[in-house]
Amino acid sequence: MADTNIAVLMKGITKVYPNGIAANQSVDFSVNRGEIHALMGENGAGKSTLMKMLFGLEQPTEGEIIINGEPVSLTSPTVAISKGIGMVHQHFMLVPSLTVAENIVLGMEPTKGAFIDYAEAVRITKEFSEKYNLHVEPDAKVMDIPVGMKQKVEILKALVRGAKILILDEPTAVLTSQETAELFKELIHFKEQGHTIIFISHKLKEIKQITDRMTIMRGGKSMGVFNTADVSEQDISRLMVGRDVVLKVEKEKAEPTDTVLKVEDVHYENEYGKKMLNGVSFTVRKGEILGIAGVEGNGQRELVSMLFDMVPPDSGTITVEGQTVTGKGQSFIRELGVSHIPEDRMTYGAAGTASIEENLISDRFEKPAFNKGLLFDMDAIHKTSDQLIQDYLILCRSGKQQVKMLSGGNIQKVVVAREFSCDPKLIIADQPTRGIDVGATEFIRKKLVELSRNGAAVLLVSADLNEVMELSDSLMVFCGGEIVAYFEDTSTLSDEEMGEYMLGLKRQSPEEIRRVFHA
Amino acid sequence: GGGNGGNTSTPSNNPSTPADNGGSAPSGSEPLKVANVVNGNLGDKSFFDSCEAGLKKLQDDGVITYKTFELGATDADQPKWVSTLDELSADGSYDLIVCGTYQMDAILNDCAAKYPDQKYFIYDAEVAQPNVASITFKQNDLGYLVGTAAALMTTSSMEKINPEKVIGFVGGEDGPVINDFLTGFIQGAQAADPEVKIDTQYVGNFYDTGKGKEIANVMVNNKCDVIWGVAGGAGNGAAEAAAEKDIWFIGVDSDQEATFSANQPQMAAVTIFSGLKNCGDGIIYMMGKLKDGSIEWGKTTQLGIAEGGVGLTSGGNFAKLPDNIKKALDDVAPKVTSGEIKVDTAFDESFDIKGLRDSVRP
Amino acid sequence: MLNQLIGIIFSETFVFSIFRITTPILFAALAAVIAERAGVTNIGLEGIMMISALTGVIFSAKLQSAWLGLLFAILLGVLTALMIGFFALKLKTDIILAGIAVNMLGNGGTIFVMFLVSGDRGYSANLASKVMPAINIPILQNIPILGKILSGHNILTYFAFICVLLVWILLYKTPMGLQIRAVGESPNAADSVGVSVNRIKYIALGLSGALAGMGGAFMSMGYMSSFNTNMTAGRGFIALAAEAMGRAEPVGTMLTSLLFGFADALANNMQSLGLPQELVAMTPYVFTVVGLAIYAASTLKKNRKKLE
Amino acid sequence: MRKNLKFEIIRGAASILLALAVAMIFIFIISDVPFEALYNLIIGPFTKLRYLWLILERMIPIVFTGLGVCVMFQANQFNLAGEGTLFFGGLVAAAVAIYLPMPPVLHIIVCIVIASVVAAAAMLIPALLKTKLGASEMVSSLMLNYILLQLGVYILNWHMADRTQGATMSHLFQDTARIPTLVPRTNLSWGIIIALAMTALVALFMYRTKWGYAIRMVGQNQSFAKYSGIKVAGTIVLCQVIGGLLSGMGGAVEVLGYYDRFKWRQLPGYGWDGVTIAILAKNNPVFIPFAAFFMSYLKQGCNLMQTYTDVPAEMLSIIQAVIFLFFAAEQFLSKYRQKLVVKGAKEELAEKKAEGGQKGAEA
Ligand SMILES: Nc1ncnc2c1ncn2[C@@H]1O[C@H](COP(=O)(O)OP(=O)(O)OP(=O)(O)O)[C@@H](O)[C@H]1O
Ligand SMILES: Nc1ncnc2c1ncn2[C@@H]1O[C@H](COP(=O)(O)OP(=O)(O)OP(=O)(O)O)[C@@H](O)[C@H]1O
Ligand SMILES: [Mg+2]
Ligand SMILES: [Mg+2]
């Protein structure tokens, strides 16, 4: 007989996607009523897939789902919602041109006669927003609000629909730590009100702080259920990855020489008029790794886009080896010896439907080395691509394979192989190891250090504080579109101190900050 | 339900009809086996239908059996015209293949040369091959009659007529056949009253009825009170406009008053008469010659007013024409036939249709 | 000549004709708006209009009621659009191909069906079809200039403009409209709150078919009083252009449809000035391209800032 | 991969069968000799060599427009002006063929080249409106069709028409400009060889040159292409210009290979056919001749059915529509496919497990 204390029971779940990927293999998953349950695992372990099935967005190939003791067939989100399940997705599921209130009532619109009762929608939004202390602006369009508020809108969407079981898929990835702390308060509050919460996060500290139990997944399988109190952070990462995690990179002290990248007094307002960069100036020199730390959404993304001329600054100058890059186009910038590992590999880093080989040559296909007369020199292309596949340990059947058929780590290696092998003078590495396994991470970090020690200038952006602190020779902190701190030597820094700068609680003097501008 | 629908247009071939050698004209009472190649679609209420009607009559009279091949009118259908004609000729089981329009002449020319034993009729075009008999119609003569009547109408005191001396011509395309009608129309009108202005406009195709209607409306604004629609289906749009604005419409090719009278009485009411191009009668006329052996292969038979190839309908609203107009028509017709009145043709390369058109514009 | 043209443009009959010419395009363009807003490109509008134009004639003749004819025209429009939906959404046939196939059906299928029903082929002479009435608006018709321009149109012309309002209300004031816009803009978001994306797309396609159906019915039961082969003559494609130029906004689309109606009316008048018909016929299309270019240029600056 | 191919073949065959079954319903309703009709439709085109030549002959223009659409669709450019540029290319070729005397062979080449260049230039309109102003290429290309048509008919009627002819058509082409026939006593010209050669060239261009590579990358992921340093705007212009070039060339080859005068006064419909076969060929130029053959075969079957049985002409568009609708249905038999996939995935997992087990045992 089903245990009435179990809110969610998923038994023997297997999910095969239409492309043949078995994202879940005989997974058992159970959550007790009124607990906060963590679901952990490396990227691609199958966490989101499992949750999508619980929310009716995907159907299991095999297996059984039991909600509050009742076997259910969750054929669509509507059914799941009717069973009291709500989900906050890893990627925002909001309609940008609609207002917050419209997004919240979408699919359950209050009506007056045949029309939407918009006032009522606003009232509902306000009511729930007050009840759960999640402050949002009902009349603002979603495209105009900051990410933190978007996250709250997502949570409200679930609560308004009467969710008793709340799935939160990496809700804190885009929140500041204050916002996170506030959210956690609310989660505890929900729990006390009898809600059940499934919480997915890669941040071990958060997991330790807030959850009662956890299920760990690896490679589409469940590795077991644990009481949070019983396992250490070290244990968790070992269970997730399958071996002890060592991420310490050995590197000699940097001896920076000439300035390669010079950014001077750059300002930028985004399309909605929000000031994203406010007078940013810094330089990156040959042979050094300069890190940028900061909570996401503080202007790093805009800065990186600008360095690669994807958007123009409103004012200020950006030069690489003395040459202005603004308005020159990406091929000019690449010609200068700039390479770039983009944050979003599937949007900028790779063409998923193209082959590995085609992805590897995208920056150099016009070079004489790869062309014989009007035609491609296919031999040269094959040779280069095979060599890169070998050098960068890209796991694939052949260079002809579609990139999207590779695992995330290997896709990242394809990007890295291309960007590192073009003899770069400046490397802009934006989240170079996001979401890839330890082995590949180690490999990429080593390569990065090696390149810098051989004379490349490296600008490293990462949301992973450990990564920036360990890998960078010197470090600056971004907050609110400004540089708020600069550290020439990262070896003596503490997490706590960094945190204070990142949240804008602390700030160096202008003189101290100006040290980052070596000119 | 619809089982018999497909057959009406394609009467079964009589399998007992012996496949003639096709070389000489078959004699006696044996019905001829005829293929009717339509490089367009039936239902034009115009010469394809007229030709079809002629063949139907011949079949009913036991003179022939026939089958119609509708090949569509679009430019992408052109290759189909070629291949079907070739297919039927190669097949050899038809005593006679009938086709029409100037769009087919070059095609038939090649095909007839390739299959010298096969006999062909072509109407509304000329092909100089020894196994082809061509039938053409003097639409410029027809135009002259219509122009005469229209000009006299706009200056008359008939109902629906305004004081201004303006008449309209709605053409399908700015092309030779249509302009041949137009040439006669303008010359006839000018001869009747040199002060009459003729507003000529084209739809650009033969199917956009909406456009036909809009153009006719513009003509009404330009004070036209008699409009001749020579634009196939698009001409019906002009008739709609005429009915709405209560002016006179002149039909073309077939008796459009009769067609409209089935279900569109308002349009029938304003259709004073129609200028006919009697393809069906032409075919019957030629078939008679074929039967009695007087046919001349390789020659063109021009059918004018006298032969009944072209002419005006005389029933229905025609009676409403004042006597002076009827009399004028009776006067003019023999003169045109005899050549006493010389009507220009748009097929003459040196003829400046554009100049003529612009010189009489209101 | 220019004076003459200006005289024409400011004449009552000219302005009156703009509304008449715009009507079928506006219906079809609104059809395109609804489909596009739900994220489906309905390239089969031309075919749907043809099918409905014939349906209206057949049923109004058989049932001796223009209104029933209209009803069936709308119904067939809906069914045809849903067929596109079935193939595109359910069987995942490329939606463009599905649209092209419907256009083929609209071309040959209508001739075939008309022949089966009435024995007519090119033109529905044997069908005693009915037309939708023209309406004189009581007080308005007596106002000097305005009366001549705005009164006396076919009831469907008025309805086309009413539909602009209805579509606007539907899209911006009703739950269905909210869901249509959500589905078109971000299907995942709609899906995640239990809005069935395909269901909404079917509904949008159905409405699109209904509007295009009215456009077709207007052609054969208002503009004309009979059906003839190919009578929509590319208006379905023009409508797609009007919709895209109007950025899938009902009011914007109405304005672009009117622009096309104006250009077409102008073209009709330019021939009597002695200009070659072929060049005159280019007017509406050139207007559209130039209008599109001007409009695109005006929105260019705003788009440049977007982080891709 | 192999499994996928096998599935695609099964799906293709099944969808054709289903399409025919639906077509058959119509045929049975209207025909007294349904089996004969069906025989003519399906087997008919293979019964005589002559029919094969006809099929090949009708492939010519649509191979060109199909290739053009492939190139544009591969870059995600929804340009529908193949129709207008084919028409205009034909007209330009005709003008050169009539008024510019030249020695044989060279004349043909010059005609084709000028036609292609003019058509390509016309495509600059939608292409530049897109890249410079961001205007939808679909709208401007649709309008361009009508503009080119009207302009072409104007030129034909006012400047090129042979007034001695009963229909509006140009003067005769000079013999030097006519593409000779390939098979005697047929209308199959060397155009088919040009078409196939262009197929090879376009395939080579798309898959073996830097420009083709750029086009494909822009189509597959425009952000990635831009980020990689590919000149996106230039590539978008290039692909549409090539699209115009190909359809213009198609117009020239069709006009010079099939006609002796320029006779088109409407858009001949080959542009839409090109879109259809490009979709059937999944935008791969290599498959274009096959898709074109299929379409041409179907049309020939329909013609024979009309010629030898009582099925009327209008049925043909219905049958074609039905066949394309089903043939292009991706999701057709999807349940079956999902089963195959699951089976495959399970086998793979089992294999891995076995391997893992072995490794474990070794350790
Ligand atoms: N969008 C997608 N469409 C199709 N297949 C995908 C997609 N994303 C990933 N895959 C496939 O899923 C499998 C696992 O990929 P994923 O990136 O989730 O694995 P991973 O465990 O993170 O890999 P790694 O160890 O390299 O980091 C791979 O075989 C990949 O080809
Ligand atoms: N729609 C899809 N089609 C095909 N494969 C998919 C799809 N969605 C996910 N996958 C694959 O299924 C596997 C599991 O993905 P899932 O999103 O569940 O991982 P995850 O554990 O949530 O990872 P992350 O930490 O990155 O969110 C991956 O290999 C992924 O590539
Ligand atoms: Mg996930
Ligand atoms: Mg008068």
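Visitor: So what exactly am I meant to see when it comes to the overall build of chain A here?
Guide: A count of helical and extended segments in chain A gives 18 helices and 24 strands. Here chain A has a C-alpha radius of gyration of 24 Å; the compact-globule value for 519 residues is 24 Å, and the two agree. By principal-axis analysis of the C-alpha atoms, chain A measures approximately 70 × 50 × 50 Å. Expressed as a percentage of the 519 residues in chain A, the buried residues total 55%. Within chain A, residue pairs in contact and separated by at least 24 positions form 66% of the contacts whose partners lie at least 6 positions apart. Per element, the accessible surface of chain A, about 21,100 Å² overall, is 50% carbon and sulfur. Taken together, the 57 basic and 74 acidic charged side chains of chain A have centroids lying 2 Å from each other.

Visitor: Help me out: how do you make sense of the overall build of chain B in this one?
Guide: For chain B, the count of helices and strands is 12 helices and 12 strands. Scaling as 2.2 N^0.38, a compact globule of 362 residues should have a C-alpha radius of gyration of about 21 Å, and chain B matches this with 21 Å. A principal-axis box enclosing the C-alpha atoms of chain B has dimensions of 65 × 50 × 35 Å. In chain B, which comprises 362 residues, the proportion classed as buried is 65%.

Visitor: Hey, could you run me through the sheet that holds strand S10 (residues 271-277) of chain B in this one?
Guide: Hydrogen bonds along the backbone pair up the strands of a sheet, which may run parallel or antiparallel. Residues and elements named next belong to chain B. Ordered by their spatial adjacency, 6 strands build an open sheet running S7-S6-S8-S9-S10-S12, and the pairing between neighbours is mixed. Only two strands of the sheet have a single neighbouring strand rather than two, namely strand S7 (197-202) and strand S12 (310-312). Geometrically, the sheet is characterised by an average inter-axis angle of 15° between neighbouring strands, direction not taken into account. Alignment of S10 against S12, held across 3 bridges, turns out to be antiparallel.

Visitor: Is there a simple way to think about the side chain of Asp 120 of chain C in this case?
Guide: Following the sequence through the fold, Asp 120 of chain C ends up in the loop between helix H5 (95-118) and helix H6 (144-150). Polar side-chain contacts of Asp 120 of chain C include one of 3.2 Å to the backbone nitrogen of Ala 125 of chain C. Once you skip the residues sitting within four places of it in the chain, Asp 120 of chain C turns out to touch Lys 45 of chain B together with Ile 111, Met 114, Phe 115, Ala 125, Asn 126 and Leu 127 of chain C.

Visitor: I keep staring at unusual backbone geometry and nothing clicks. Help me out?
Guide: Apart from glycine, the bulk of residues carry a negative phi angle, and the bulk of peptide bonds sit in the trans form. Even without glycine at this site, Arg 247 of chain C takes up a positive phi of about 50°. Relative to the helices and strands, Arg 247 of chain C is located in the loop between helix H11 (235-245) and helix H12 (250-270). Phi is positive for Lys 282 of chain D, close to 50°, though the residue is something other than glycine. Within the element layout of this structure, Lys 282 of chain D appears in the loop between helix H11 (270-280) and helix H12 (288-308).

Visitor: When you look at helix H13 (residues 378-391) of chain A in this model, what are you seeing that I'm missing?
Guide: Owing to its 3.6 residues per turn, the α-helix brings residues three or four apart onto one side. Under the 1.5 Å per step criterion, the end-to-end length of H13 of chain A is 20 Å for 14 residues, consistent within 8% with the ideal 20 Å. Within H13 of chain A, burial applies to Met 378, Ala 380, Ile 381, Ser 385, Leu 388 and Ile 389 of chain A. End-on, the buried residues of H13 of chain A take up no more than an arc of 160°, which puts them together on one face. Residues of H13 of chain A that are exposed and angled more than 90 degrees away from the buried face: Asp 379, Lys 383 and Gln 390 of chain A. Against the buried residues of H13 of chain A lie helix H12 (356-360), strand S20 (375-376) and helix H14 (408-420) of chain A together with helix H7 (191-208) of chain D. Leu 393 of chain A sits one or two residues past H13 of chain A and shows a positive phi near 50°.

Visitor: Sorry if this is basic, but what is going on with the interface of chain C and chain D here?
Guide: Accessible area lost on assembly of the parts is the figure often given for the size of an interface. Contacts between chain C and chain D engage 43 residues on the former and 44 residues on the latter. When the two sides are added together, the surface that chain C and chain D hide from each other amounts to roughly 4,000 Å², 81% of it contributed by carbon and sulfur. The interface formed by chain C and chain D contains 0 salt bridges. For the side of chain C that touches chain D, the secondary-structure elements that each account for two or more residues are helix H4 (66-90), H5, H11 and helix H13 (277-304) of chain C. When residues in the side of chain C that touches chain D are grouped by element, the largest group, 14 residues, is from H13 of chain C. Per-class residue counts for the side of chain C that touches chain D are 31 nonpolar, 6 polar and 6 charged.

Visitor: Even after reading the chapter, I still don't get the nonpolar core, so can you show me in this structure?
Guide: Note on soluble globular proteins: their nonpolar side chains tend to be buried together. In terms of nonpolar packing, the biggest core is built from 319 residues, with Tyr 123, Phe 273 and Met 287 of chain B touching the most fellow members. If you tally residues by element for this core, the top one is helix H2 (residues 12-37) of chain C, at 14 residues. Setting aside its immediate chain neighbours within four residues, Met 287 of chain B contacts Leu 32, Leu 58, Val 63, Ile 64, Leu 96 and Phe 121 of chain B. If you look at the next biggest cluster of nonpolar residues, it comprises 99 residues, including Leu 336, Leu 360, Leu 471 and Val 516 of chain A.

Visitor: So what exactly am I meant to see when it comes to the coordination of the magnesium ion (ligand 4) here?
Guide: Six octahedrally arranged donors around a metal ideally form angles of 90 or 180 degrees; four tetrahedrally arranged donors ideally form angles of 109.5 degrees. The coordination sphere of the magnesium ion (ligand 4) contains the protein donors Thr 154 of chain B (OG1), Asn 162 of chain B (O), Asn 162 of chain B (OD1), Glu 164 of chain B (O) and Asp 225 of chain B (OD), at a distance range of 1.9 to 2.6 Å. Written as a sequence motif, the donor residues of the magnesium ion (ligand 4) are T-x7-N-x1-E-x60-D.

Visitor: For this particular structure, what's the right way to read the domain arrangement of chain A?
Guide: According to the domain assignment, chain A consists of domain 1 (6-241) and domain 2 (259-514). Relative to domain 2 of chain A, the C-alpha centre of domain 1 of chain A lies at a distance of 32 Å.

Visitor: Got a minute to help me understand the side chain of Asn 303 of chain D in this structure?
Guide: On the secondary structure map, Asn 303 of chain D appears in helix H12. Excluding residues within four positions of it along the chain, Asn 303 of chain D makes contact with Lys 80 and Ser 83 of chain B together with Leu 316 of chain D.

Visitor: Any chance you could explain the interface of chain D and chain A here in plain terms?
Guide: Counting residues at the interface gives 26 residues for chain D and 40 residues for chain A. Taken together, both faces of the contact between chain D and chain A bury some 2,700 Å²; the carbon and sulfur share is 61%. Considering only the surface of chain D that becomes buried against chain A, Lys 210, Tyr 213 and Tyr 227 of chain D emerge as the three largest contributors, covering 27% of it. Linking chain D to chain A there are 1 salt bridge. The residue Glu 358 of chain A makes a salt bridge to Arg 216 of chain D at a minimum N-O spacing of 2.5 Å. Inspection of the chain D/chain A interface yields 15 residue pairs in polar contact (both at pLDDT 80 or more).

Visitor: Would you take a moment to explain helix H10 (residues 197-223) of chain C for this structure?
Guide: Residues and elements named next belong to chain C. Here H10 spans 37 Å end to end across 27 residues, near enough to the 39 Å set by a 1.5 Å rise per residue. At Ala 217, H10 shows its maximal bend, which comes to roughly 35°. Burial of H10 is extensive: 22 of the 27 residues sit out of reach of the surface.

Visitor: Can you walk me through the arrangement of the chains in this structure?
Guide: Across the 5 pairs of chains that are in contact, the largest number of contacts falls between chains C and D. A gap remains between chain A and chain B, which never touch, and the nearest two C-alpha atoms on either side lie 37 Å apart.

Visitor: Would you mind going over the packing of helix H2 (residues 78-91) of chain B against helix H3 (residues 49-74) of chain D with me for this structure?
Guide: Packed helix pairs are specified by the crossing angle of their axes together with the interaxial distance, meaning the distance between the axes. Remark: H2 of chain B packs on H3 of chain D, axes separated minimally by 12 Å, with the N-to-C direction vectors making an angle of 175°. Looking at the two axes, H2 of chain B sits roughly antiparallel to H3 of chain D. Of the residues in H3 of chain D, those touching H2 of chain B at Pro 79, Ser 83, Asp 86, Glu 87 and Ala 90 of chain B are Arg 50, Tyr 51, Leu 54, Glu 57 and Arg 58 of chain D. Tallied by class, the residues present in the contact of H2 of chain B with H3 of chain D amount to 4 nonpolar, 1 polar and 5 charged.

Visitor: What is the right way to read the pattern of salt bridges from this model?
Guide: Between side chains of opposite charge, a pair can form as their charged atoms come close. Under the counting rule described, the total for this entry stands at 46 salt bridges over all chains. Glu 57 of chain D is the salt-bridge partner of Arg 58 of chain D, the closest N and O atoms lying 3.0 Å from each other. A residue is classified by how much of its surface remains accessible, and Glu 57 of chain D, at 3% relative accessible area, is buried. For Lys 130 of chain D, the salt bridge is made with Glu 137 of chain D, and the minimal N-O distance between the two is 2.8 Å. Ionic contacts of the salt-bridge type, sharing partners, join the residues Asp 86, Glu 87 and Lys 114 of chain B together with Arg 50 of chain D into one network.

Visitor: Looking at this model, I keep getting lost on the packing of aromatic side chains. Mind explaining?
Guide: A complete count under the given rule lists 40 aromatic pairs over all chains for this structure. With a centroid separation of 5.8 Å and an interplanar angle of 85°, the aromatic rings of Tyr 392 of chain A and Phe 443 of chain A are classed as edge-to-face. Here Tyr 392 of chain A is found in the loop between H13 and H14, whereas its partner Phe 443 of chain A is found in helix H15 (residues 438-453), with 51 residues between them in sequence. With a relative accessible area of 5%, Tyr 392 of chain A lands in the buried category. Centre to centre, the rings of Phe 185 of chain B and Trp 228 of chain B are 5.3 Å apart; their planes meet at 40°, and the pair counts as tilted. Of this pair, Phe 185 of chain B sits in helix H5 (residues 176-192) while Trp 228 of chain B sits in strand S8 (residues 226-230), placing them 43 residues apart in sequence.

Visitor: What is the right way to read the sheet that holds strand S5 (residues 70-72) of chain A from this model?
Guide: Residues and elements named next belong to chain A. With respect to topology, 4 strands assemble into an open sheet ordered S2-S1-S4-S5, the strand pairing being antiparallel. Each edge of the sheet is formed by a strand with only one pairing partner; in this case those strands are strand S2 (22-32) and S5. Averaged over neighbouring strand pairs, the angle between their axes works out to 20° when direction is ignored. Judged from the 5 bridges that link them, strand S1 (residues 6-16) and strand S4 (residues 62-67) form a sheet pairing that is antiparallel. Opposite Lys 11, over in S4, you have Glu 64 as the bridge partner. The strands touched by helix H1 (residues 47-54) within the sheet are S1, S2 and S4, with S1 carrying the most contacts at an inclination of about 115°.

Parameters at a glance
Residues numbered from 1 in each chain as written. Chains lettered and ligands numbered in written order. Predicted model: local features only at pLDDT ≥ 70, side-chain atom pairs only at ≥ 80, totals over all residues. Heavy atoms only, no water. Helix = DSSP H or I, 4+ residues; strand = E, 2+ residues; numbered from the N terminus. Rg over C-alpha atoms; globule rule 2.2 N^0.38 Å. Buried < 20%, exposed > 50% of the residue type's maximum accessible area, 1.4 Å probe, protein only. Contact = heavy atoms within 4.5 Å. Areas by Shrake-Rupley, 256 points an atom, 1.4 Å probe, with all protein chains shown as cover. Lys, Arg positive; Asp, Glu negative; His and termini not counted. Charge placed at Lys NZ, Arg CZ, Asp CG, Glu CD. Pairing = 2+ DSSP bridges. Axes fitted to C-alpha atoms, helices over the stretch in contact; angles between N-to-C directions. Polar contact = N/O pair within 3.5 Å; in protein donor to acceptor, adjacent residues only side chain to side chain. Expected span 1.5 Å × (residues − 1). Arc of directions from axis to C-beta. Buried area = accessible area lost by both parts, 1.4 Å probe. Salt bridge = Lys/Arg side-chain N within 4 Å of Asp/Glu carboxyl O. Nonpolar A, V, L, I, M, F, W, Y, C, P; charged D, E, K, R; others polar. Core = buried A, V, L, I, M, F, W, Y, C linked by side-chain atoms within 4.5 Å. Donors = N, O, S within 2.8 Å, 3.2 Å for Na, K, Ca; no water. Domains from an automatic or database assignment. Bend = angle between axes of the 7 residues up to and from the residue. Parallel < 35°, antiparallel > 145°, perpendicular 65-115°, else oblique. Phe/Tyr/Trp six-rings, centres within 6.5 Å; stacked < 30°, edge-to-face > 60°.

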